[in-house]
Amino acid sequence: MSIEVNLKTAQEMGLTADEFEEIKKILGRVPTYTELGVYSVMWSEHASYKNSILQLKRLPRSGKNLLVSAGEENAGLVDIGDGLAVAFKIESHNHPSAVEPYQGAATGVGGILRDIFTMGARPVAALDSLRFGNPEGPRVKYLFENVVKGIADYGNAFGVPTVAGEVYFDECYDENPLVNAMAVGIVRHNRVAKAASIGVGNLVMIVGSSTGRDGIHGATFASEDISEASEAKRPSVQVGDPFTEKLLLEATLEAIDAGLVVGIQDMGAAGIACSTSEMSAKGSTGMDVNLDLVPLRESDMSAYEIMLSESQERMLVVVKPSDEEAIKKIFTKWDLNAEVVGKVTDDGILRIRRFGRIEAEVPSKTLALGEGAPVYVRESKRPEYLDKLAGIDIASLPEPSDYNDVLKRLLSSPNIAAKNYVFEQYDYMVGTNTVVLPGQGDAAVIRLERWAASSKGKKRGLVMKTDCNSRYVYLEPMAGAEHAVVEAARNIACVGGKPLAITNCLNFGNPYKPEVYYQFERAIEGITKACTELETPVTGGNVSFYNESPNRTVYPTPVIGMLGLIEDSAKSLRANFTRENDLIAVIGPERPEMGGSEYLKVVHDTVGGVVPKVDYAYEKSLHAFLQEAAMNGLLHSAHDVSEGGIAVTLAECCILDRDAKLGAKIA
Amino acid sequence: MYKARIEVTLKKKILDPQGKAIESSLRNLGFLKLGGVRTGKNIDMSVNESNIDAAIALVTSACAKLLANPVTEDYECEIFDEAGKQVAQFSSAQGGASKVAAK
Amino acid sequence: MYKARIEVTLKKKILDPQGKAIESSLRNLGFLKLGGVRTGKNIDMSVNESNIDAAIALVTSACAKLLANPVTEDYECEIFDEAGKQVAQFSSAQGGASKVAAK
Amino acid sequence: MTTGKVGVVVFPGSNCDMDAYNAFGSVLNRRVELLWHKETSLDGVDLVVLPGGFSYGDYLRSGAIARFSPIMNEVVSFARKGGLVIGICNGFQVLVEAGLLPGALLRNSNLKFVCKQVYLRTETTSTPFTSGLKKGEVIKVPIAHGDGNYYADDNTIKGLQDNDQIVFKYATAAGEITAESNPNGSMLNIAGIVSRERNVIGMMPHPERAAEKLLGSDGGLVVLKSAVESLN
């Protein structure tokens, strides 16, 4: 007895009436239940970017050292010379983390790591960008503790060092924490793996864990109505297994190294449905898949459930028939499934079979992003609060009487206080490549020595950082977004590095609200301007909408993950003072810019004023100065003046190195 | 004064990677007749209450508030008197309603 | 076919930091009448044996070999028949000798 | 040509195997190879290294499953015959589970994974792994673990003390053994011990992560160096 497919079922699956009509037009008939399910996940906001793709196309996505432009592959790829390329990306797992913080965060890390090694790159570093509500609240404390533990447990067991990140606290995130995970990997040019399914007759294999009913939400269940029974069959939470992921990493890289992989893609959201359709669309081919061959955790799963299952630690691989045994040998060595489930066809149709019946026959192109998936333009309206808050007269606020007390209050405010409590739960040293550790400098540095013998005696390194001051973006979306990019670049330069490229995770509210869409549109404009000026192209990223609850929308939070390169990692600059009697210099013009400052929030509980303007000519000369001074050993340390202003910056320079016990006398 | 033992287990359908790893290790050691391994936690505590119903209410509230994660876990609880005899048994699966099976 | 539940706990004299942490959280939530909190691991499994003694021997051997660390842990085991009735109970504390308390 | 070959065992889930391989290979430029856990021969190796990591995901108990890997039979008989074995972090946990070293590694007393540099005071120099150190000498070596809380019953502890088997204790930079310097609750601040026959060492801190100044400290190199030099 299969469920009757009509507009009601389509809407329950999150499709609009127009989208349901479009599907019927494409197929020339009413879709089967499984087809409707596949379209519903592939045309969801998360997979299709339908409300953001037009804006995303404005971002500068090409650059001289970009091997792969954004969106083509799972992660952007930057050429760094010596025959090496760097794959890096940031993604969000906000909603799952709000439901179950530990597993939500853990599976977020697992997913971003797979996006990296599916390219053939070995993950060398992980970073995160976390936002929580007021830490006094018990629910927020619970979310904070468990998100950090989830990230730590997954990254530590997998064996990737978590080397940098940021943690922000503001009431706007009370019910909607933001959990963005970033990963960076290195691959030799001749080992880059592609995500296209090509070669008619080639075999389609599923490798890694078995498939269960994880992550299949809502909508009617294949053979039952929505009922307690149907929900009880579905685990409410996906569980990550870092141990299996480590085995999957080693087996995958071994298979790619042996030249056995024609095409490969990790299974993230919408599992088999997404990987089969996207790989086929990219290869302009079809796929004939028999779900009876998929390794299952429960044998009675329907085609709908298998296609939409989001069980973790699985990949889809396309191989030549002659290589089937060789691939199976590698995955068996690592105690992993490796099953042939179908083959590549030339009719461009994704054909899905279950229990001897054809459950889906869909033109693969019509499912994928940038091909058949819908694209929408949303209405945008400038929010009233912008002018009101910008107009706040900061000068009229009373000056504090005791500046020592203000400094102490700023240093102990959650957004400025030291984050050792967080990063000491991460293994930031595994891999023995981390040169600048968390809490030492304005960005992390990973040496490249193991991959490329040091050229001309210099030991090059990768520099990386995540950044976003969402209060600035709330006050002025465009200028705020520019600051996120500029801040990340300045942090990389403060270590002595040269900014190369960025990835981004755009966390916003409901795009159907014109004010939210205005924030999104202007933020994209800001990132475009800053990346063009600083020549740091966008290599890809992620959009997360609907970060809101009935009474509150989060601040617009376009998190920037930036990658840089340092010529000699041994000359990296840290933030703490190192020697007595050293001179201290402040670089850059002193401008009375208190708008959106931490001082205003902590001391006057005010969020307002004008966001500081960015001077690109100055920023670029600052980068050049810092890189040259660092490489010539002229500076003993450098620290960016950001939240809390110069007073906090000087204090941090004194106390970051707890053994040094240095002070500072300011004329 | 009572003693309570609370057994917290993962909800049936949720993947248990630890159970999977223990099962395959038992297989490799030749224990082919042992299977379906699932792991959980147990929590023992003393309950300073004079009557059984108060003890049950207190433990139920502690489970709901802290000891078991309602999203991913179920719990079973046994309450023993000072002589070690079981005086009550209940679990979250029955919607938390306490079923006194006083023996 | 039987079902076995093995409860592995830290030996009494060993400090249980997790138990202490749970106890202090319970205190903070106002559960002042709950105390002496100790935690342990549960391992559930099916035992594909036809008679109870074979089942007990198999589970005892699995505990001794893998499931419990003799230096720091004790274990208690309950065996249930297919109807869910407890048919045996034994623990490591009695030097591993199995005490069949068939009911 | 320095004699002696180092073998680094790789269990499923080990993730510091390459760190040890590189410390012995490129920093100390010794002959070193990886030994897959399913192998049944140590391939003529003179020093066996059980590396750090999360063998079998640390499921059940850290090291509880890895100790049954085929290669561990070889490692046990190699150690019984006096062969040198270093167990680092997860490797130390595998050694106690395999019965090659006494005691157990319990969960850190603050229940949290901890990764940071710590100071270790050398308690004995009469071992192949600390011959390059002086008694009481303090070295800076990082730790990164969630289950490093060393425990043993009273007479085992007494045995360790009487036979001078305690190699390293967590200390302050000045070498004092204090509660604050103990990162995980280990008895007597124990960070590393040797077997009664003194050829097997287990230590929670990672000497291979303190083999190059560039990474923050080279205080751990002396332990690896002493071990390989004792092979000549």
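In this text, all values refer to a predicted model and were calculated from it rather than measured experimentally.

Trainee: Explain the packing of helix α18 (residues 477–494) of chain A against helix α21 (residues 616–631) of chain A here, please?
Mentor: Pairs of packed helices are described in terms of their axes, by the angle between the two and the distance that separates them. All names here are of chain A. Two elements in contact, α18 and α21, have axes separated by 9 Å at closest approach and are oriented at 20°. One way to sum up the angle between α18 and α21 is to call them roughly parallel. Between α18 and α21 lies a crossing of left-handed hand. Taking contact as the criterion, the partners of Glu-482, Val-486, Ala-489, Arg-490, Ala-493 and Cys-494 in α18 are, on α21, Tyr-616, Glu-619, Leu-622, His-623 and Leu-626. Residue composition of the contact of α18 with α21, grouped by class: seven nonpolar, one polar and three charged.

Trainee: Would you mind showing me how to read helix α3 (residues 90–97) of chain D here?
Mentor: Spacing of three or four residues puts side chains on the same side of an α-helix, whose turn is 3.6 residues. Among the eight residues in α3(D), eight count as buried, and that is most of the element. Every buried residue of α3(D) is listed here: Asn90(D), Gly91(D), Phe92(D), Gln93(D), Val94(D), Leu95(D), Val96(D) and Glu97(D).

Trainee: How do you make sense of the interface of chain B and chain A when you look at a structure like this?
Mentor: One widely used convention gives an interface's size as the accessible area the parts lose upon coming together. On the chain A side, the residues contacting the eight residues of chain B number 17 residues. Approximately 990 Å² of surface area, both sides summed, lies buried where chain B meets chain A, with 61% of it carried by carbon and sulfur atoms. Of all residues in chain B, Lys13(B), Leu15(B) and Val71(B) bury the most surface against chain A, accounting for 56% of the area lost on that side. The tally of links from chain B across to chain A stands at two salt bridges. With its nearest N and O atoms 2.8 Å apart, the salt bridge here joins Lys13(B) to Glu298(A). Run the count over chain B and chain A and you get three residue pairs in polar contact (both at pLDDT 80 or more). Partitioned by chemical class, the residues of the side of chain B that touches chain A number four nonpolar, two polar and two charged.

Trainee: Is there a simple way to explain helix α4 (residues 154–162) of chain D in this structure?
Mentor: All names here are of chain D. When we look at burial in α4, the residues that qualify are Ile-157, Gly-159 and Leu-160. For α4, the angular spread of buried residues about the axis comes to 160°, placing them on one side. Residues Asp-154, Asn-155 and Asp-162 are exposed on α4 and point more than 90 degrees away from its buried face. Of the surrounding elements, those touching the buried residues of α4 are β8 (149–151), β9 (166–171) and β10 (190–194). Just beyond α4, the residue with positive phi is Asp-164, at close to 55°.

Trainee: Would you explain the interface of chain C and chain B in this entry?
Mentor: With 33 residues of chain C at the contact, the number on the chain B side is 33 residues. Taking both sides of the interface into account, the surface hidden between chain C and chain B amounts to around 2800 Å²; carbon and sulfur atoms contribute 60%. Per-residue buried area on chain C facing chain B is highest for Phe31(C), Lys33(C) and Asn42(C); these three make up 21% of the total on that side. Seen at the junction of chain C and chain B, the total is five salt bridges. Arg5(C) is paired through a salt bridge with Glu76(B); the nearest N and O atoms lie 3.9 Å apart. Joining chain C to chain B, the criterion identifies 15 residue pairs in polar contact (both at pLDDT 80 or more). Of all elements in the fold, only β1 (2–10), α1 (17–28), β2 (34–47) and α2 (52–67) of chain C reach the threshold of two or more residues within the side of chain C that touches chain B.

Trainee: Explain the sheet that holds β1(C) to me, please; I cannot follow it from the model alone.
Mentor: Strands in a sheet are paired, the pairing made by backbone hydrogen bonds, and the direction either parallel or antiparallel. Read across the sheet, eight strands follow the order β4(B)-β3(B)-β1(B)-β2(B)-β2(C)-β1(C)-β3(C)-β4(C) without closing on themselves; strand pairing throughout is antiparallel. The sheet is open, and its two edges are formed by β4 (86–91) of chain B together with β4 (86–91) of chain C, each paired on a single side. The average undirected angle you get between the axes of adjacent strands in this sheet is 20°. As judged from the five bridges shared by strand β3 (residues 73–80) of chain C and β4(C), these two strands associate in the antiparallel manner. When the bridges of β4(C) are listed, Ile79(C) appears paired with Ala88(C). Contacts from α2(C) reach β2 (34–47) of chain B together with β1, β2, β3 and β4 of chain C, with the element oriented near 155° to β3(C).

Trainee: Looking at this structure, I do not really get the packing of helix α2 (residues 17–27) of chain A against helix α3 (residues 33–42) of chain A. What am I missing?
Mentor: Residue and element names in this part refer to chain A. Axis separation between α2 and α3 bottoms out at 11 Å; the angle between their running directions is 120°. When the interaxial angle is binned, α2 and α3 end up oblique. Here the hand of the crossing between α2 and α3 comes out right-handed. Where α2 approaches α3, its residues Phe-20, Ile-23, Ile-26 and Leu-27 are matched on the opposing element by Glu-35, Leu-36 and Tyr-39. Taken together, the residues of the contact of α2 with α3 break down into six nonpolar, no polar and one charged.

Trainee: When you look at the relation of the copies chain C and chain B in this model, what are you seeing that I'm missing?
Mentor: Note: a rotation about an axis with an accompanying shift along it relates these two copies of the chain. Between the two copies, chain C and chain B, the superposition gives an RMSD of 0.3 Å; the rotation angle is 180° and the shift along the axis is 0.1 Å. Expressed as a symmetry operation, the mapping of one chain copy onto the other fits a two-fold axis. Identified as the residue of chain C closest to the rotation axis by C-alpha distance is Lys41(C), at 2.4 Å. Interface overlap between copies is the fraction of interface residues in one copy that are interface residues in the other; for chain C against chain B it reaches 100%, indicating a shared surface.

Trainee: Mind showing me how you'd approach the environment of Ser210(A) here?
Mentor: Residue and element names in this part refer to chain A. In this fold, Ser-210 is placed in the loop between β7 (203–208) and α9 (228–232). Distance in space between the C-alpha atoms of Ser-210 and Gly-370 is 30 Å, their sequence separation being 160 residues. The residues contacting Ser-210, other than those within four sequence positions of it, are Pro-295, Leu-296, Arg-297, Ser-311, Arg-314 and Asn-337. Within the local environment of Ser-210, its side chain forms a polar contact with the side chain of Asn-337, the two groups lying 3.2 Å apart.

Trainee: I'm lost on the sheet that holds strand β18 (residues 538–544) of chain A in this one. Help?
Mentor: All names here are of chain A. The strand order across the open sheet formed by six strands is β14-β15-β16-β21-β17-β18, and the pairing between neighbours is mixed. A strand with exactly one partner marks an edge of an open sheet, and here the two such strands are β14 (434–436) and β18. Direction aside, neighbouring strands of the sheet carry axes that sit 25° apart on average. By the bridge criterion, seven bridges tie strand β16 (residues 461–467) to strand β21 (residues 557–566) in an arrangement that is antiparallel. Within β21, the residue paired with Asp-467 across the bridge is Ile-560. Here helix α19 (residues 514–534) sits on the sheet and contacts β17 (498–507), β18 and β21; the angle it forms with β17, its principal contact strand, is near 175°.

Trainee: So what exactly am I meant to see when it comes to the packing of aromatic side chains here?
Mentor: When we look at a pair of aromatic rings, we describe it by the centre distance and by the angle of the planes. Applying the stated criterion to the full structure yields 19 aromatic pairs over all chains. Plain terms: the ring middles of Tyr474(A) and Tyr555(A) are 4.5 Å apart, the flat faces sit at 25° to each other, and that makes the pair stacked. Of the two residues, Tyr474(A) sits in helix α17 (residues 470–475) while Tyr555(A) sits in the loop between β20 (552–553) and β21, which places them 81 residues apart along the sequence. On the accessibility criterion, Tyr555(A) (9% relative accessible area) is buried. An angle of 10° between the planes, with centres 6.1 Å apart, marks the rings of Phe92(D) and Tyr150(D) as stacked. One end of the pair, Phe92(D), is in helix α3; the other, Tyr150(D), is in strand β8, and 58 residues separate them in sequence. Residue class for Phe92(D) comes out buried when judged on its relative accessible area of 1%. Clustering of aromatic rings is evident, with ring pairs tying together Phe132(A), Phe144(A), Phe169(A) and Tyr421(A). Note that Lys333(A) overlies the ring of Trp36(D), its terminal NZ or CZ placed 4.9 Å from the centroid. The ring of Phe355(A) has Arg354(A) sitting right over it, with the charged end atom 3.9 Å from the ring centre.

Trainee: Explain the environment of Ser77(D) to me, please; I cannot follow it from the model alone.
Mentor: Assignment of secondary structure puts Ser77(D) in helix α2 (residues 70–80). Taking the C-alpha atoms as reference points, Ser77(D) and Phe129(D), separated by 52 residues in sequence, lie 20 Å from one another.

Trainee: Explain the pattern of salt bridges to me, please; I cannot follow it from the model alone.
Mentor: Where charged atoms from two side chains of opposite charge approach closely, those side chains can pair. In total, this model carries 74 salt bridges over all chains according to the counting rule given. Notably, a salt bridge pairs Glu145(A) with Lys112(D), separated by 3.7 Å at the nearest N-O pair. Of the two residues, Glu145(A) sits in helix α8 (residues 138–158) while Lys112(D) sits in the loop between β5 (104–106) and β6 (114–122), which places them in two different chains. Overall, Lys112(D) belongs to the partly exposed group, its relative accessible area being 24%. Residue Arg354(A) pairs with Asp292(A) through a salt bridge whose shortest N-O separation is 2.9 Å. Residue Arg354(A) is found in strand β12 (residues 349–354), and its partner Asp292(A) is found in the loop between β9 (286–290) and α12 (303–308); the two are separated by 62 residues along the sequence. Through salt bridges with shared partners, one network takes in Arg213(A), Glu298(A), Asp300(A), Glu305(A) and Lys13(B).

What counts and what doesn't
- Residues numbered from 1 in each chain as written.
- Chains lettered and ligands numbered in written order.
- Predicted model: local features only at pLDDT ≥ 70, side-chain atom pairs only at ≥ 80, totals over all residues.
- Heavy atoms only, no water.
- Axes fitted to C-alpha atoms, helices over the stretch in contact; angles between N-to-C directions.
- Helix = DSSP H or I, 4+ residues; strand = E, 2+ residues; numbered from the N terminus.
- Parallel < 35°, antiparallel > 145°, perpendicular 65-115°, else oblique.
- Left-handed = near helix turned anticlockwise from the far one by under 90°.
- Contact = heavy atoms within 4.5 Å.
- Nonpolar A, V, L, I, M, F, W, Y, C, P; charged D, E, K, R; others polar.
- Buried < 20%, exposed > 50% of the residue type's maximum accessible area, 1.4 Å probe, protein only.
- Buried area = accessible area lost by both parts, 1.4 Å probe.
- Salt bridge = Lys/Arg side-chain N within 4 Å of Asp/Glu carboxyl O.
- Polar contact = N/O pair within 3.5 Å; in protein donor to acceptor, adjacent residues only side chain to side chain.
- Arc of directions from axis to C-beta.
- Pairing = 2+ DSSP bridges.
- Least-squares fit on C-alpha atoms with pLDDT ≥ 70 in both.
- Phe/Tyr/Trp six-rings, centres within 6.5 Å; stacked < 30°, edge-to-face > 60°.
- Lys NZ or Arg CZ within 6 Å of the ring centre and 35° of its normal.

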